[in-house]
Number of protein chains: 2
Amino acid sequence: MMSKLLVVDDDLDMLSLVRAALEKDGHQIDTEADAATVQPARCRLYDLLLFDVMMPDKDGFSLCRRIRAEVDCPILFLTAKAEEAALVQGFGLGADDYIKKPFSIAELRARVNAHLRREVRQPTRTLSRGGVRFDIQAKVAIAGEHTLPFTKGEYAICEHLALHAGQVFTKEQLYEAVFGCEAEGDPSAVAEHIKNIRAKLKADAISPIETVWGVGYKWRKSSVL
Amino acid sequence: MMSKLLVVDDDLDMLSLVRAALEKDGHQIDTEADAATVQPARCRLYDLLLFDVMMPDKDGFSLCRRIRAEVDCPILFLTAKAEEAALVQGFGLGADDYIKKPFSIAELRARVNAHLRREVRQPTRTLSRGGVRFDIQAKVAIAGEHTLPFTKGEYAICEHLALHAGQVFTKEQLYEAVFGCEAEGDPSAVAEHIKNIRAKLKADAISPIETVWGVGYKWRKSSVL
DNA sequence: TCGTTTCCTTATAAAATCCTTAAAAATAGC
DNA sequence: GCTATTTTTAAGGATTTTATAAGGAAACGA
């Protein structure tokens, strides 16, 4: 079972050390030394994220804060900061583990694999929301018997809304979440996509996307949690 | 979000310590001193399991081995065994975390909650005041069973008042707090919104907004915090 | 290269909200 | 009880935001 991991650390020695350790388990490792360049959209491509807390340009905490809302995969901190307060803060931001330096290679591998194992066991491969079933892997949405003829962008918006059902997104946020940081796209482009999505869902008599006047759009949250 | 946890440890002091710590987070804690009596079927009733590794009759590892196949919930080890080999063995048996004694209460709580959070999908942050429940993320107010049909401005005023229950705000302050610094808006505009809010709350027979004559409005502070 | 699909822009219509105005009701002080 | 001030209520228009439709640019595959 190969997983894709992203490791962010300004210490290049540490990067190569971690890379070597985790590649032993058959994972594909991408590394990044500059935290400031890491975008939420990129993080969504990975199965697990590993951040150093102390980095010169942008610390791991603020990076985590920035992406946690849009990224579901486990986020692990690597840190020399052993203080309890920092640890609690890290978990409070939605982190999944907090590995104190100096750590043993064996412990790192064991913890990373434990988190990956849990992800696989609990497959988010497919989720059903409001009458639409999403196959995250295949990037197709199914309603009733037939697959919805979504374009790529339509599917992306749809999936993002459904994944965060109940949360309101502005047009700008949606555009950025789906197409990346260059949010120059006119908000009305998003409106156009929403229209098309609704039209395609109308054939199945479902309309899970609500407009929140003056704010944006949201996927209707099902009553059952 | 209340979860059910089972803590197994032969040390009774440790049991009460852990129980006290985790009950602070609103969880329901069951404890068990005798590992030999813990059956897989029982473990299935819980959202998270916390085992001590070193126990006289039956150690936590063998307990984990016995139940892992039948239990999906996170299993955390509490242990004084700091050796790397034991840690790797624990993860190898399907454990999800490994907390080394002596641990801080804060770390225990942070780690337990991190695992629970991942199990239950995104607990919504919500506060309840005077019969109205606010979903801050979704920007939705709920009374009883149905969501209140607030407009954006109405919701904003409502949330601001409820968030600072008991504090009086002038119309100007409210307008500025909700719509920004350009508080040129006529005070009567706020009065209009207050009227509409009250009208919508009237259907549920609640009126938490009080008029402070000559000053402004405030959200009635409930006796119980 | 051509044709198709997807995406973005523009323009217009429609809808909802917000603000203003004015009159009625309530309050506090005398 | 009377008056001045403040709040409540009601209705209308102005403004803002969204929905819809149509056209053109850009990307993609054959």
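One can find the structure itself at the top, above this paragraph.
What you see is a predicted model, and the numbers here were worked out from it, not measured in a lab.

All names here are of chain B. Among the residues of helix H4 (residues 84-92), those classed as buried are Ala86, Leu87, Gly90 and Phe91. For H4, the angular spread of the buried residues around the axis is 135 degrees, confining them to a single face. Exposed residues pointing more than 90 degrees away from the buried face of H4 are listed as Ala85 and Gly92. Looking at the residues trailing H4, positive phi occurs at glycine 94, about 100 degrees.

Before going further, it helps to examine the interface of chain B and chain A. In this assembly, 32 residues from chain B lie in contact with 38 residues from chain A. For the pair chain B and chain A, the summed buried area comes to about 2800 Å², and 43% of that belongs to carbon and sulfur atoms. Remark: the boundary between chain B and chain A carries five salt bridges. Arg111(A) is the partner of Asp97(B) in a salt bridge, and the nearest nitrogen-oxygen pair spans 2.5 Å. The interface formed by chain B and chain A includes twelve residue pairs in polar contact (both at pLDDT 80 or more).

In this section: the packing of helix H7 (residues 171-179) of chain A against helix H8 (residues 187-202) of chain A. Residue and element names in this part refer to chain A. Axis separation between H7 and H8 bottoms out at 8 Å; the angle between their running directions is 80 degrees. On the basis of the axis angle, H7 is roughly perpendicular to H8. Between H7, through Lys171, Glu172, Leu174, Tyr175 and Phe179, and H8, the contact on the second element is made entirely by Pro187, Val190, Ala191 and His193.

We now examine the sheet that holds strand S5 (residues 97-100) of chain B. All names here are of chain B. Reading across the sheet, the five strands line up as S2-S1-S3-S4-S5 and stay open at both edges, with parallel pairing between neighbours. For this open sheet the edge positions go to strand S2 (28-32) and S5, each flanked by a neighbour on one side alone. The average angle at which neighbouring strand axes cross in this sheet is 20 degrees, direction not considered. Where strand S1 (residues 4-8) lies against S2, five bridges are found, and the strand directions are parallel. Looking across to S2, one finds that valine 8 is bridged to glutamate 32. Against the sheet, helix H3 (residues 60-67) makes contact with S1, strand S3 (48-52), strand S4 (75-79) and S5, and its axis sits at roughly 150 degrees relative to S3, the strand it touches most.

Attention now goes to the protein's contact with DNA strand C. The full set close to DNA strand C counts 20 residues, and Thr151(A), Tyr175(A), Thr151(B), Tyr175(B) and Asp186(B) are the nearest of them. Each atom of DNA strand C within 4 Å of the protein belongs either to a base or to sugar and phosphate, the latter forming 76%. Gly153(A) has a polar backbone atom sitting 2.8 Å from a phosphate oxygen of DNA strand C. Between Thr151(B) and DNA strand C, the recorded distance is 2.6 Å, taken from a side-chain N or O atom to a phosphate oxygen. Taken together, the elements giving at least two residues each to the surface near DNA strand C come down to helix H6 (152-163) and H8 of chain A together with helix H6 (152-163) and helix H8 (187-202) of chain B.

To continue, consider the sheet that holds strand S3 (residues 48-52) of chain A. Residue and element names in this part refer to chain A. A sheet is described by the order of its strands in space; here five strands give the open sequence S2-S1-S3-S4-S5, paired in parallel fashion. In the strand order of this sheet, the two ends are held by strand S2 (28-32) and strand S5 (97-100), each with one partner. Direction aside, neighbouring strands of the sheet carry axes that sit 20 degrees apart on average. One ladder, built from four bridges, connects S3 with strand S4 (residues 75-79); its direction is parallel. Along S4, the bridge assignment pairs aspartate 52 with leucine 78. Along the sheet, helix H1 (residues 12-23) makes contact with strand S1 (4-8), S2, S3 and S4, crossing S2 at roughly 170 degrees.

Turning our attention to the protein's contact with DNA strand D. Close to DNA strand D lie 19 residues, the nearest being Arg198(A), Thr211(A), Tyr217(A), Thr211(B) and Tyr217(B). Looking at DNA strand D alone, sugar and phosphate atoms form 69% of those within 4 Å of the protein. At 3.4 Å, a side-chain N or O of Lys171(A) approaches a phosphate oxygen of DNA strand D. Contacts to DNA strand D include Arg198(A), whose side-chain N or O atom sits 2.7 Å from a phosphate oxygen. Contributing elements (two or more residues each) for the surface near DNA strand D: H8 of chain A together with H8 of chain B. Among the elements that take part in the surface near DNA strand D, H8(B) stands out by supplying four residues, more than any other. Across the surface near DNA strand D, the residue classes break down as seven nonpolar, four polar and eight charged.

One pass over the structure, following the stated rule, counts eleven aromatic pairs over all chains. Where Phe134(B) meets Trp219(B), the ring centres are 6.0 Å apart and the plane angle is 65 degrees; that geometry is what we call edge-to-face. Linking Phe134(B) in strand S7 (residues 132-135) with Trp219(B) in strand S11 (residues 216-219), this pair joins segments that are 85 residues apart in sequence. The same class applies to Phe134(B) and to Trp219(B), which are both buried. Taken together, the ring pairs connect Phe51(A), Phe61(A), Phe77(A), Phe91(A) and Tyr98(A) into an aromatic cluster. For Lys4(A), the ring lying beneath its charged end belongs to Tyr46(A), and the centroid distance is 5.2 Å.

Under the definition given, this model contains two cavities of 30 Å³ or more. Volume-wise, the largest cavity comes out at about 50 Å³. Asp96(A), Ala114(A), His115(A), Arg118(A), Asp96(B), Ala114(B), His115(B) and Arg118(B) together form the lining of the largest cavity. Contributions of two or more residues to the lining of the largest cavity are made by helix H5 (105-121) of chain A together with helix H5 (105-119) of chain B. Of the residues assigned to the lining of the largest cavity, the class counts are two nonpolar, two polar and four charged.

Conventions used here
- Residues numbered from 1 in each chain as written.
- Chains lettered and ligands numbered in written order.
- Predicted model: local features only at pLDDT ≥ 70, side-chain atom pairs only at ≥ 80, totals over all residues.
- Heavy atoms only, no water.
- Buried < 20%, exposed > 50% of the residue type's maximum accessible area, 1.4 Å probe, protein only.
- Helix = DSSP H or I, 4+ residues; strand = E, 2+ residues; numbered from the N terminus.
- Arc of directions from axis to C-beta.
- Contact = heavy atoms within 4.5 Å.
- Buried area = accessible area lost by both parts, 1.4 Å probe.
- Salt bridge = Lys/Arg side-chain N within 4 Å of Asp/Glu carboxyl O.
- Polar contact = N/O pair within 3.5 Å; in protein donor to acceptor, adjacent residues only side chain to side chain.
- Axes fitted to C-alpha atoms, helices over the stretch in contact; angles between N-to-C directions.
- Parallel < 35°, antiparallel > 145°, perpendicular 65-115°, else oblique.
- Pairing = 2+ DSSP bridges.
- Near = heavy atom within 4 Å.
- Nonpolar A, V, L, I, M, F, W, Y, C, P; charged D, E, K, R; others polar.
- Phe/Tyr/Trp six-rings, centres within 6.5 Å; stacked < 30°, edge-to-face > 60°.
- Lys NZ or Arg CZ within 6 Å of the ring centre and 35° of its normal.
- 1 Å grid on protein atoms, 1.4 Å probe; cavity = no way out; pocket = protein on both sides within 12 Å on 5 of 7 lines; lining within 4 Å.
- Points joined across faces, edges and corners; volume = space filled by probe spheres on them.

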